[in-house]
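Coordinates in review
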Amino acid sequence: MWNSVIFLCGGRARMATKDASADARESGESEPDPHECPFCGAYVASPGKGFMLHVEQNPECDADFETWRDRVADDVPRGWSG
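So, a few notes on the structure that sits alongside this text. Every value quoted in this text rests on a predicted model; they were computed, and no experiment measured them.

The next point concerns the overall build of the protein chain. The helix and strand inventory of the protein chain stands at three helices and two strands. Counting from the amino terminus, helix and strand elements in the protein chain follow one another as β-β-α-α-α. Buried positions account for 16% of the 82 residues belonging to the protein chain. Long-range contacts, defined as pairs at least 24 residues apart, comprise 16% of the intrachain contacts of the protein chain with a sequence gap of at least 6.

Moving on: the packing of helix H2 (residues 49–57) against helix H3 (residues 59–72). In the contact formed by H2 and H3, the axes pass within 5 Å of each other and the chain directions differ by 115°. For the element pair H2 / H3, the angle class is roughly perpendicular. Mapping the contact onto sequence places Phe 51, Met 52, His 54, Val 55 and Gln 57 in H2 and Pro 59, Cys 61, Asp 62 and Phe 65 in H3.

For H3, spanning 14 residues, the distance from its first C-alpha to its last is 20 Å, which sits close to the expected 20 Å at 1.5 Å a residue. Those residues of H3 that sit buried are Cys 61, Phe 65 and Val 72. Taken end-on, H3 shows its buried residues confined to a sector of 35°, consistent with a single buried face. Structural note: H3 exposes Pro 59, Glu 60, Asp 70 and Arg 71 on the side pointing more than 90 degrees away from its buried face. Buried residues in H3 make contact with H2.

Cut-offs used in this document
- Residues numbered from 1 in each chain as written.
- Predicted model: local features only at pLDDT ≥ 70, side-chain atom pairs only at ≥ 80, totals over all residues.
- Heavy atoms only, no water.
- Helix = DSSP H or I, 4+ residues; strand = E, 2+ residues; numbered from the N terminus.
- Buried < 20%, exposed > 50% of the residue type's maximum accessible area, 1.4 Å probe, protein only.
- Contact = heavy atoms within 4.5 Å.
- Axes fitted to C-alpha atoms, helices over the stretch in contact; angles between N-to-C directions.
- Parallel < 35°, antiparallel > 145°, perpendicular 65-115°, else oblique.
- Expected span 1.5 Å × (residues − 1).
- Arc of directions from axis to C-beta.

Here it is, written out as structure tokens:
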């Protein structure tokens, strides 16, 4: 079972742990905005469909998203949905 996840947000690596209180103790870190693209920081209409539309319309974000998906593909045994 995983204890932490590292992901890129706006070119910065962030870590989220299973222990919410440990996340809360991180100094200077705030919750990521679900309406912000983690790759370029642009506003997205929604964290689901809005994000996917944004990625489709922005080649740089699309490339970063595909790189991220390739890196985490093995984290879920039967793959990611969507």
